[in-house]
Amino acid sequence: MTEEILERVRPAVADDVPAVKAVTDAAYRHYIERIGVVPQPMEADHAANVAAGKVFVTGEPVDGLVVIEAVAGHLFLDSIAVRPGAHGTGVGRRLLRFVEARARELGLGEIRLYTNALMWENRRIYPKYGYEVVERRVDGPYDRIHYRKRLD
């Protein structure tokens, strides 16, 4: 991993849980009305995810985070959240670069994620970073677009 990314993204610790919840809620709250349900990241057990080493944060105070997990030959990007006031400052880009670096560090050749079909902002962003659509699938109340990025 590059030193710049290592310096700017760190594993979350127990003291970060309130900030992780606050940033996640702020990043996803506006989608509730649009998609008609509470986005899954808002209902996550943030304390358990932090304790399991799945959450990485950036900023002091925290202005962005990712929730990732190595599974079956790929890195799953479960959630990415950027504090609304930090949009456009490179936080999301930094976090996506971190996810790629982390996958490589773990020897994983692919990153997978999904986003709600009504979160059209994400559907524009992910292809710009090399993610390709794999499928669209309804999971309960969620209409999801699944993506992957193969790493060199």
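See the structure printed just above.
This report concerns the structure included in the present document. Just so you know, these numbers come straight off a predicted model, no measurement behind them. (Residues numbered from 1 in each chain as written. Predicted model: local features only at pLDDT ≥ 70, side-chain atom pairs only at ≥ 80, totals over all residues. Heavy atoms only, no water.)

**A few points about the sheet that holds strand E6 (residues 132–139)**
No. 1: Reading across the sheet, the 7 strands line up as E1-E2-E3-E4-E5-E7-E6 and stay open at both edges, with mixed pairing between neighbours. Each edge of the sheet is formed by a strand with only one pairing partner; in this case those strands are strand E1 (9–11) and E6. Adjacent strand axes in the sheet meet at a mean angle of 30°, parallel and antiparallel pairs treated alike.
No. 2: By the bridge criterion, 8 bridges tie strand E3 (residues 64–71) to strand E4 (residues 74–82) in an arrangement that is antiparallel. Residue pairing for E4: Ile68 is matched across the bridge by Leu77.
No. 3: Across the sheet, helix H2 (residues 17–28) lies against strand E2 (55–58), E3 and E4, angled at about 80° from E4, the strand it touches most.
No. 4: Along the sheet, helix H5 (residues 91–105) contacts E1, E2, E3, E4, strand E5 (110–116) and strand E7 (142–150); its crossing angle with E4, the most-contacted strand, is approximately 165°. (Pairing = 2+ DSSP bridges. Helix = DSSP H or I, 4+ residues; strand = E, 2+ residues; numbered from the N terminus. Axes fitted to C-alpha atoms, helices over the stretch in contact; angles between N-to-C directions. Contact = heavy atoms within 4.5 Å.)

**With respect to the packing of aromatic side chains**
No. 1: Counted under the stated rule, the structure contains 5 aromatic pairs.
No. 2: Here the aromatic rings of Tyr126 and Tyr131 are separated by 5.7 Å at their centres, their planes lie at 65°, and the arrangement is edge-to-face.
No. 3: The buried category is assigned to Tyr131, whose relative accessible area is 5%.
No. 4: These aromatic residues form a ring-pair network of at least three members: Tyr126, Tyr131 and Tyr147.
No. 5: Seen from the ring of Trp120, Arg34 lies directly overhead, with NZ or CZ sitting 3.6 Å from the centre. (Phe/Tyr/Trp six-rings, centres within 6.5 Å; stacked < 30°, edge-to-face > 60°. Buried < 20%, exposed > 50% of the residue type's maximum accessible area, 1.4 Å probe, protein only. Lys NZ or Arg CZ within 6 Å of the ring centre and 35° of its normal.)

**Structural notes on the side chain of Thr115**
No. 1: Note on placement: Thr115 falls in strand E5.
No. 2: For Thr115, a relative accessible area of 4% gives the class buried.
No. 3: A distance of 2.9 Å separates the side chain of Thr115 from the side chain of Asn122, its partner in a polar contact.
No. 4: Non-local contacts of Thr115, meaning those with residues more than four positions away in its chain, are made with Asn122, Arg123, Tyr126, Asp143, Arg144, Ile145 and Tyr147. (Polar contact = N/O pair within 3.5 Å; in protein donor to acceptor, adjacent residues only side chain to side chain.)

**Section: the nonpolar core**
No. 1: Residues Val66, Ile68, Leu77, Val99 and Ile111 are the most contacted members of the largest nonpolar core, which totals 24 residues.
No. 2: Here this core takes 6 residues from H5, the largest share from any one element.
No. 3: Ile111 has contacts with Leu75, Leu77, Val99, Glu100, Ala103, Tyr131, Tyr147, Arg148, Lys149 and Leu151, leaving out every residue within four places of it along the chain.
No. 4: Within the second largest apolar cluster, 17 residues are counted, among which are Val17, Met42, Val57 and Leu65. (Core = buried A, V, L, I, M, F, W, Y, C linked by side-chain atoms within 4.5 Å.)

**Here we look at unusual backbone geometry**
Both trends apply: most residues other than glycine have a negative phi, and most peptide bonds are in trans.
No. 1: Here the amide bond leading from Glu60 into Pro61 is cis, since omega sits at 0°, within 30 degrees of zero.
No. 2: Structurally, Pro61 can be placed in the loop between E2 and E3.
No. 3: The residue Ala72 is not glycine, and still its phi comes out positive at about 30°.
No. 4: Its location among the elements puts Ala72 in the loop between E3 and E4.

**Structural notes on the environment of Val57**
No. 1: Mapped onto the elements of the fold, Val57 is located in strand E2.
No. 2: A sequence separation of 37 residues divides Val57 from Val20, and the C-alpha atoms of the two residues are 8.0 Å apart.
No. 3: Dropping the residues within four chain positions of it, Val57 is found in contact with Arg8, Val9, Arg10, Ala12, Asp16, Val20, Val62, Gly64 and Leu65.

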